[in-house]
Amino acid sequence: ALGAPAVILSLTPGNLMRTEGLAVEAMIGTVVGSVVNIILDPVFIFGLGMGAGGAAIATVLGNLVTDIILVCFVLKQNLLAVFAIGIPASVTNLMQSLGMALMNRYLVQYGTDKVAAMGIAMKVNMIVMLIMVGFAFGAQPLIGYNYGAENRERLRKIIRFDLCVELVFSVVCAGLLALCAPQIMGIFMKDVGIIASGSLMLRCLLVSMPCAGVILVFTTVFQAAGKA
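Starting from 1, residues in each chain are numbered consecutively following that chain's sequence as written. Selection of residues for local features in this predicted model requires a pLDDT of at least 70, selection of side-chain atom pairs for listing and counting requires 80 or more, and totals for whole chains, interfaces and linings are taken over all residues. Each side-chain value is derived from all of the structure's non-hydrogen atoms; neither hydrogens nor water enter the calculation.

**Observations concerning the pattern of salt bridges**
- A pair is scored as a salt bridge if a Lys or Arg side-chain nitrogen falls within 4 Å of a carboxyl oxygen belonging to Asp or Glu. This structure, assessed with the given rule, holds 2 salt bridges.
- Arg156 is the partner of Glu153 in a salt bridge, and the nearest nitrogen-oxygen pair spans 3.1 Å. In this pair, Glu153 and Arg156 both sit in helix 8 (residues 152–179), 3 residues apart, roughly one turn of the helix.
- Buried means the residue's accessible area, taken with a 1.4 Å probe over protein chains only, is under 20% of the maximum for its type, while exposed means over 50%, and partly exposed covers the values in between. Taking the relative accessible area as the measure of exposure, Arg156 reaches 43% and is therefore partly exposed. Counting from the N terminus, the helices are the DSSP runs of H or I reaching at least four residues and the strands are the DSSP runs of E reaching at least two.

**Observations regarding unusual backbone geometry**
- Even without glycine at this site, Glu150 takes up a positive phi of about 60°.
- Note on Glu150: relative accessible area 62%, which makes it exposed.

**Considering the packing of aromatic side chains**
- Here the aromatic set is Phe, Tyr and Trp, taking the six-membered ring for Trp, and pairing holds for ring centres within 6.5 Å; pairs whose planes are under 30 degrees apart are stacked, those over 60 apart are edge-to-face, and all others are tilted. Here the structure, examined in full by the defined rule, presents 1 aromatic pair.
- Considering the side-chain rings of Phe135 and Phe169, the 5.6 Å spacing of their centres and the 70° angle between planes classify their relative orientation as edge-to-face. Here Phe135 is found in helix 6 (residues 112–138), whereas its partner Phe169 is found in helix 8, with 34 residues between them in sequence.

**Focus: the packing of helix 3 (residues 23–47) against helix 4 (residues 51–76)**
- Contact geometry for helix 3 and helix 4: axes closest at 7 Å, N-to-C directions at 155°. Considered as vectors, helix 3 and helix 4 are oriented roughly antiparallel to each other. The crossing of helix 3 and helix 4 is right-handed. Only the stretch in contact is used when fitting a helix axis, every axis being a line fitted to C-alpha atoms; angles between N-to-C directions are given from 0 to 180 degrees. For classification purposes, angles smaller than 35 degrees are called roughly parallel, those larger than 145 roughly antiparallel, those between 65 and 115 roughly perpendicular, and all remaining angles oblique. Crossings are classed by handedness, with left-handed meaning an anticlockwise turn of the near helix from the far one by less than a right angle and right-handed meaning a clockwise turn.

**Considering the side chain of Asn37**
- You can see Asn37 is positioned in helix 3.
- A residue is classified by how much of its surface remains accessible, and Asn37, at 18% relative accessible area, is buried.

**A look at the side chain of Thr66**
- With respect to the element layout, Thr66 can be found in helix 4.
- Overall, Thr66 belongs to the buried group, its relative accessible area being 7%.
- What Thr66 contacts, discounting residues up to four positions off in sequence, is Ser10, Gly29, Thr30 and Gly33. Throughout, a residue-residue contact means that at least one pair of heavy atoms, one from each residue, lies within 4.5 Å.

**Section: helix 6**
- Under the convention used throughout, the expected extent of a helix is 1.5 Å for every residue step, that is, one less than its residue count. Between the first and last C-alpha of helix 6 there are 38 Å, a value that for 27 residues agrees with the 39 Å anticipated at 1.5 Å per step.
- To get the bend at a residue, fit one axis to the 7 residues ending there and another to the 7 starting there, then take the angle between the axes. Bending of helix 6 peaks at approximately 25° at the position of Met126.
- Within the sequence span of helix 6, burial applies to Ala117, Met118, Ile120, Ala121, Met122, Val124, Asn125, Val128, Met129, Met132 and Ala136.

**Let's talk about the confidence of the model for the chain**
- Per-residue confidence from the predictor is reported as pLDDT, a score between 0 and 100. Averaged over the chain, the pLDDT score is 86; the fraction of residues at 70 or greater is 95%.
- No element of the chain has a lower mean pLDDT than helix 2 (residues 11–19), which averages 75, and none a higher one than helix 8, which averages 93.

**Concerning the environment of Pro210**
- By the secondary structure assignment, Pro210 is in helix 11 (residues 209–224).
- Among the residues examined, Pro210 registers a relative accessible area of 21% and is labelled partly exposed.
- Along the chain, Pro210 and Ala117 lie 93 residues apart, while their C-alpha atoms are 23 Å from each other.
- Not counting the four nearest positions on each side in its chain, Pro210 is found in contact with Leu167, Ser170 and Val171.

**Considering the environment of Met122**
- With respect to the helices, strands and loops of the structure, Met122 is situated in helix 6.
- Spatially, the C-alpha atom of Met122 lies 21 Å from that of Val168, the residues being 46 residues apart in sequence.
- Setting aside chain neighbours within four positions, we find Met122 in contact with Met100, Met103 and Leu205.

So, in structure tokens, the structure goes:
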């Protein structure tokens, strides 16, 4: 688990390089890391007597070598701009997770039933949010193409249409979910207290749904325009 970042990190530069047509360089990084893993396996397992734990450490170190090689290739090819565009999205996800963790931390003092109610409300809210994310990111290639072509009139039309879709969809879905909040909460829990608390929480979350739609549109606009 501690070595998971090293294992996951190799996926990004590897796929990035293949997308840029640098398949050989991506293969070199992967193969060298695998060879290091193969060599270290018997050393840690038998030589140092670490057993299965040694195999895990060897795997992590092999991936770490792959990371170093691939990152060096990426830096050499000047692909840092792609990472720059991805960083704001990563920060957004990180802050959402942090916000949720803090909210649960503060809710605990009001009872575990409130934490359970908020968990259900957040999941229901997330269903609508993910559909909105799909709409927003689906428009991103069009936004990027027209921004790059400097077709400002068409770009404005796309953004207006994108905003219209997000706002109408969010308002309709928020209205329907708010109306049926107790029934929706009742699908997951039969406790009257949790249904009441969860319904209020869900309705409060839904109020900001149109704002989330606007944020999604302009986040994708900035990303497509390279405004990290």
